[in-house]
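Remarks on the overall topology
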Amino acid sequence: MIRSPAAVCFEIHKPLTIEEVQVAPPGHGEALVEIVASGLCHTDLTALDGVNATSVYPLIPGHEGAGRVIEVGEGVYDLKPGDHVIPLYGPECRHCRMCKSGRTNLCWTIKPMRDKGVMPDGTSRFSIGSQPVHHFMGTSTLSRYTVVPEIALAKIRKDAPLEKVCLFGCGVTTGVGAALAEVREGDAVAVFGLGGIGINVVQGARLAGAGRIIGIDVTDGKSRLARSYGMTDFVDASRDGDKVVQAVRDLTDGGVDVAFECTGIVPVMRQAFDCCQPAWGTAVLLGVEPPGAEMGFPPVGVRYGRSIRGSYFGGVKGRGGLGRLIDYYMDGRVDLDRQITHRLALDQVNRGFDLMRAGESVRSVVLFE
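If you're wondering where the values come from, they're calculated on a predicted model, not measured in any experiment.

**Let's talk about the packing of aromatic side chains**
- Evaluation of the coordinates by the stated rule reveals three aromatic pairs.
- Ring plane angle 75° and centroid distance 5.4 Å describe the contact between Tyr89 and Phe313, whose orientation is recorded as edge-to-face. Residue Tyr89 is found in the loop between strand E6 (84-87) and helix H2 (97-101), and its partner Phe313 is found in the loop between strand E16 (307-310) and helix H11 (318-330); the two are separated by 224 residues along the sequence.
- Ring centres of Phe273 and Phe297 lie 4.9 Å apart, and the angle between their planes is 40°; this geometry places the pair in the tilted category. Here the residue Phe273 occupies a position in helix H9 (residues 266-274), and Phe297 occupies one in the loop between strand E15 (282-285) and helix H10 (299-303), the gap between them amounting to 24 residues.
- Owing to a relative accessible area of 0%, Phe273 belongs among the buried residues under this scheme.
- Taking the relative accessible area as the measure of exposure, Phe297 reaches 30% and is therefore partly exposed.
- What links up through ring pairs into an aromatic cluster is the set Tyr89, Tyr312 and Phe313.
- The residue whose ring lies beneath Arg306 is Phe273, and the NZ or CZ to ring-centre distance is 5.7 Å.

**Structural notes on the environment of Ser130**
- With respect to the element layout, Ser130 can be found in the loop between strand E7 (126-128) and strand E8 (131-135).
- Looking at Ser130, the relative accessible area reads 77%, which means it is exposed.
- Taking C-alpha positions, Ser130 is 45 Å from Phe260, a pair spaced 130 residues apart along the chain.

**Some points on empty space enclosed by the protein**
- One pass over the structure, following the stated rule, counts two cavities of 30 Å³ or more.
- Taken as a whole, the largest cavity spans an internal volume of roughly 80 Å³.
- In terms of lining residues, the largest cavity is bounded by 13 residues, among which Ile110, Arg114, Val118, Gly138 and Pro149 are the most central.
- Residue classes in the lining of the largest cavity are distributed as 10 nonpolar, two polar and one charged.
- Forming the walls of the second largest cavity are Gly90, Pro91, Asn105, Tyr312, Phe313, Val316, Lys317 and Gly318.
- Taken together, the residues of the lining of the second largest cavity break down into four nonpolar, three polar and one charged.

**What about the sheet that holds strand E4 (residues 59-60)?**
- What the five strands build is an open sheet, ordered E1-E2-E7-E8-E4; its pairing is mixed. Only two strands of the sheet have a single neighbouring strand rather than two, namely strand E1 (2-8) and E4.
- Of the pairings in the sheet, the one linking E7 to E8 comprises three bridges and is antiparallel in character. Within the sheet, the bridge partner assigned to Ser127 lies in E8 and is Pro132.

**Regarding the packing of helix H5 (residues 171-182) against H11**
- Axis separation between H5 and H11 bottoms out at 11 Å; the angle between their running directions is 100°. On the basis of their axis angle, the class for H5 and H11 is roughly perpendicular. Two secondary-structure elements touch here, H5 through Thr173, Val176 and Leu180 and H11 through Leu322, Arg324, Leu325 and Tyr328.
- For the contact of H5 with H11, the residue count by class is five nonpolar, one polar and one charged.

Reading the values: rules and limits
Residues numbered from 1 in each chain as written. Predicted model: local features only at pLDDT ≥ 70, side-chain atom pairs only at ≥ 80, totals over all residues. Heavy atoms only, no water. Phe/Tyr/Trp six-rings, centres within 6.5 Å; stacked < 30°, edge-to-face > 60°. Helix = DSSP H or I, 4+ residues; strand = E, 2+ residues; numbered from the N terminus. Buried < 20%, exposed > 50% of the residue type's maximum accessible area, 1.4 Å probe, protein only. Lys NZ or Arg CZ within 6 Å of the ring centre and 35° of its normal. 1 Å grid on protein atoms, 1.4 Å probe; cavity = no way out; pocket = protein on both sides within 12 Å on 5 of 7 lines; lining within 4 Å. Points joined across faces, edges and corners; volume = space filled by probe spheres on them. Nonpolar A, V, L, I, M, F, W, Y, C, P; charged D, E, K, R; others polar. Pairing = 2+ DSSP bridges. Axes fitted to C-alpha atoms, helices over the stretch in contact; angles between N-to-C directions. Parallel < 35°, antiparallel > 145°, perpendicular 65-115°, else oblique. Contact = heavy atoms within 4.5 Å.

Right, here's the structure in full:
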């Protein structure tokens, strides 16, 4: 048992508190990881605001981290102490029907227990005194030490700076990966929401050779960064929805080839669908919607050839595919530095979420060393 500083959410709509938690040794198939850095992501807010159905309180949030393996449990074969890793909220067991299908990067091997805030054996590795503290998304990277199943850890190259490549744990991979999977050379692309995911869709669309990249947001505060990443046009989303859709259509002679929705706002999802080119345009949903949300659209839009798709972690298999994206960063093809707008200590974590709510940050990174 070791002791670890951690940000703990005891109640929704309350600030996180910094606590010293006990961390139990890794069990079978698990590894103890020392987190070096963790990005703050909007999905963490869904737990803090009580709109994440898989959150069990008290919990330690965080799912965009990077660190070093300290200890491995029995049955761990591919990792050893000293390895550099990125925890994965979407594991890759390599043996289940999903992993072997070649059709998806989803793996639900440990999902039932992960969604209850515990490890695969049904227990938590975190506690404060005799009170268990739950895991979040199977990662809990806002604790200096965390325990993660081996199948949910991506081993990465040791020369990659952990305080930056932590962003590949969610936002960068989700955005860049989805764009590389969906965009063809010369495509016209729309990106709804220029936050941490949206700006990385812009990066990915540029890498894929998009001919036009249209950013849509309620403010132009992030447009300068988006333009440096490859955005060619900006549409002010503070106008009413019909005008946003028409503005995109006007820029693209009838509609975009691919539209990416990065906000989780259902009416914006509909805008993304409506601005797609009839006959072949595709709307890709990346944002996390509120529990129970439903989306409506006219069947004729689909019958004429438009499609709507979801994307999870950018379609990237974490253990097998994350290394390629990190190589892109190390080769200078993907930028991380300019999107890290704030670097914070753990005791400043609430400020980081305040900056996110106010739209004043692209990515804040909590540093443990």
